[in-house]
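# Architecture and fold: a report
Chain by chain, the residues run as shown.
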Amino acid sequence: MQVIPVTDVSRGFGSTSRRDAWWVAPLAVFLGLSTFVVYSTWAAFQNAHYYFGPYLSPFYAPEIWGASPHAWFGPKPAWFPAILPFSPALLILPFPGLFRFTCYYYRGAYYKAFWADPPSCAIGEPRKSYWGEQTFPLILQNVHRYFMYIAVLFLVMLSYDVWKAMWWPDPAAGGEKFGIGVGTIILAVNVVLLSCYTLGCHVMRHLVGGSHDEVSRHPICDNAYACSSALNYKHQLFAWLSLFTVGFADLYVRLCSMGIWTDLRIL
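The rules we used
- In this convention, every chain numbers its residues from 1, walking through the sequence in written order.
- Owing to the predicted nature of the model, reporting of local features is limited to residues with pLDDT of at least 70; listing and counting of side-chain atom pairs is limited to 80 or more, with chain, interface and lining totals taken over all residues.
- Note that the side-chain values use all heavy atoms of the structure and ignore hydrogens as well as water.
- Only runs of H or I of at least four residues qualify as helices and only runs of E of at least two qualify as strands under DSSP, and these elements are numbered from the N terminus.
- Only protein chains enter the area calculation, which uses a 1.4 Å probe; residues under 20% of their type maximum are buried, those over 50% are exposed, and those in between are partly exposed.
- We call two residues in contact whenever any of their non-hydrogen atoms come within 4.5 Å of each other.
- Calculation of accessible area relied on Shrake-Rupley with a 1.4 Å probe; when residues are assessed, cover is drawn exclusively from the protein chains displayed.
- When charges are counted, Lys and Arg are positive and Asp and Glu negative, with His and the chain ends excluded.
- To locate a charge, take NZ of a lysine, CZ of an arginine, CG of an aspartate or CD of a glutamate.
- For two strands to be treated as a pair, DSSP must find at least two bridges joining them.
- The axes used here are C-alpha line fits, helices contributing only the stretch in contact, and every angle between their N-to-C directions lies in the interval 0 to 180 degrees.
- When describing relative orientation, an angle under 35 degrees is termed roughly parallel and one over 145 degrees roughly antiparallel, while 65 to 115 degrees is termed roughly perpendicular and anything else oblique.
- Should the near helix be turned anticlockwise from the far one by less than a right angle, the crossing is left-handed, and should it be turned clockwise, the crossing is right-handed.
- Residues are grouped as follows: Ala, Val, Leu, Ile, Met, Phe, Trp, Tyr, Cys and Pro are nonpolar; Asp, Glu, Lys and Arg are charged; every other residue, Gly included, is polar.
- Salt bridge, as used here: a side-chain nitrogen of Lys or Arg that lies within 4 Å of a carboxyl oxygen of Asp or Glu.
- Residues enter a nonpolar core if they are buried and are Ala, Val, Leu, Ile, Met, Phe, Trp, Tyr or Cys, with the set joined through side-chain atoms within 4.5 Å.
- Any pair of nitrogen or oxygen atoms within 3.5 Å is treated as a polar contact; in protein, a donor-acceptor pairing is required on top of that, and neighbouring residues in sequence qualify only through side-chain atoms on both sides.
- In this analysis, rings of Phe, Tyr and Trp, with Trp reduced to its six-membered ring, are considered paired at centre separations within 6.5 Å, and the interplanar angle assigns stacked below 30 degrees, edge-to-face beyond 60, and tilted for intermediate values.

## Comments concerning the overall build of the chain
Looking only at helices and strands, the chain features nine helices and four strands. Taken from N to C terminus, the helices and strands of the chain fall in the order α-β-β-α-α-α-α-β-β-α-α-α-α. Across its three principal directions, the C-alpha atoms of the chain cover 95 × 50 × 40 Å. Burial analysis of the chain (267 residues in total) assigns 40% to the buried set. For the chain, the proportion of contacts with a sequence separation of at least 24, taken over those separated by at least 6, is 67%. Summing over all exposed atoms, the chain offers an accessible surface of approximately 15800 Å²; the carbon and sulfur share of this is 69%. Here the chain holds 17 positive side-chain charges and 14 negative ones, and the gap between their average locations is 5 Å.

## Re the pairing of strand β3 (residues 167-170)
One face of the sheet, then the other: side chains in a regular strand alternate in exactly this way. As paired elements, β3 and strand β4 (residues 175-178) share four bridges and run antiparallel to each other. When the sheet's bridge partners are listed, W167 is paired in β4 with F178. Connecting β3 to the antiparallel partner β4 that follows it, the hairpin turn spans four residues, and G174 within it adopts a positive phi of roughly 70°.

## Describing the packing of helix α6 (residues 182-199) against helix α9 (residues 235-257)
Between α6 and α9, whose axes approach to 8 Å, the crossing angle comes to 150°. As judged from the angle between their axes, α6 and α9 are roughly antiparallel. The hand of the α6/α9 crossing is left-handed. Facing V182, G183, I186, L187, V189, N190, L193, L194, C196 and Y197 of α6, the residues of α9 in contact are H235, F238, A239, L241, S242, T245, V246, F248, A249 and Y252. The residue inventory of the contact of α6 with α9, partitioned by class, reads 15 nonpolar, five polar and no charged.

## So, the pattern of salt bridges
One pass over the full model with this rule turns up three salt bridges. Across the pair E214 and R217 runs a salt bridge whose closest N-O atoms are separated by 3.1 Å. Taking the relative accessible area as the measure of exposure, R217 reaches 62% and is therefore exposed. Residue R254 pairs with D250 through a salt bridge whose shortest N-O separation is 3.4 Å. Of this pair, R254 and D250 both sit in helix α9, four residues apart, roughly one helical turn. This pair shows no difference in class: R254 is buried, exactly as D250 is.

## Some details on the nonpolar core
Y55, F59, F99, Y106 and Y197 are the most contacted members of the largest nonpolar core, which has 50 residues in total. Examining the composition of this core, we find that eight residues originate from one element, α9, more than from any other. In contact with Y197, not counting residues within four places along its chain, are F99, R100, C103, Y106, H235, F238, A239 and S242.

## Some words on the side chain of N190
Within the secondary structure layout, N190 lies in helix α6. In terms of polar contacts, N190 uses its side chain to reach the backbone amide nitrogen of V246, at 3.1 Å.

## Considerations on the packing of aromatic side chains
The tally for this structure, following the rule as stated, stands at 27 aromatic pairs. Considering the side-chain rings of F99 and Y197, the 5.7 Å spacing of their centres and the 70° angle between planes classify their relative orientation as edge-to-face. Remark: Y197 occurs in helix α6 and F99 occurs in helix α3 (residues 94-101); sequence separation between them is 98 residues. Under the relative-accessibility criterion, F99 is labelled buried at 3%.

## So, unusual backbone geometry
In this chain, A61 is followed by P62 through a cis amide linkage whose omega measures 0°. Tracing the sequence through the fold places P62 in the loop between β2 (55-56) and α2 (88-92). A cis amide bond links D117 with the next residue in sequence, P118, at an omega value of -15°. Position of P118 relative to the elements: it lies in the loop between α4 (104-115) and α5 (144-164). In this model, H49 sits at a positive phi of 55°, which is unusual for a non-glycine residue.

## What to know about the packing of helix α7 (residues 202-210) against helix α8 (residues 219-232)
Packing of α7 against α8 brings their axes to within 8 Å, and their N-to-C directions diverge by 165°. Judged by the angle between their axes, α7 and α8 are roughly antiparallel. Both α7 and α8 take part in a crossing whose hand is left-handed. On α8, the residues that touch H202, M204, R205, V208, G209 and G210 of α7 are C221, A224, Y225, S228, S229 and N232. Among the residues making up the contact of α7 with α8, the classes are represented as five nonpolar, six polar and one charged.

Purely spatial values, then, with no claim about function.
Rendered as structure tokens:
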């Protein structure tokens, strides 16, 4: 029997035998995430046009200090360093941002799209060494489990903002009256999709049921695990839909505040 020697099958960067358009997915991820990062960074530094009537942009929620009626503790405090740029968004965006940045799905997505590690399956990558996530700095990705708790807290606060978005100033009565506008629906849809994304997180699955060896012996945890797993099956879809809606919600509030768009009142 003839013995065929094993040859070196390592490839250079981008080399492959694949004939399909493998580059479409990483390119789409690169463009999508880059667009969101650029827009959200720009919007966070604006410190203007982030509220309209009862609407508050999710980029600025919760507004701890700020110029709008939604601020918890009033305007910027006097002790805030003048040398630092101030914006209510800069105080809170790092928390949901780091939750997404360390998300298991997003890791795989931007590793491929931005670091080419690898660009796609069976595609040559620009490095030969492999560090994994057990060394610095990638070991810091493990903070994802802790930011999940903060993300759930943000869901509660954003839900409260949707409730507040149903109450409009009523100067004639000297109070507020119930009403629903297009902006109310946009903010509500955003919370629903953010909830589907967050509650379907792998960490949430482990928290509600995965810590048990036999989750079926714990009926409440078993049902919660099943619900989280159902959302987890579409984790990628909810990750992108919620990324779009949170950005679009800010854009909608911003353009209404600037007078470019008119918010239609449904009720």
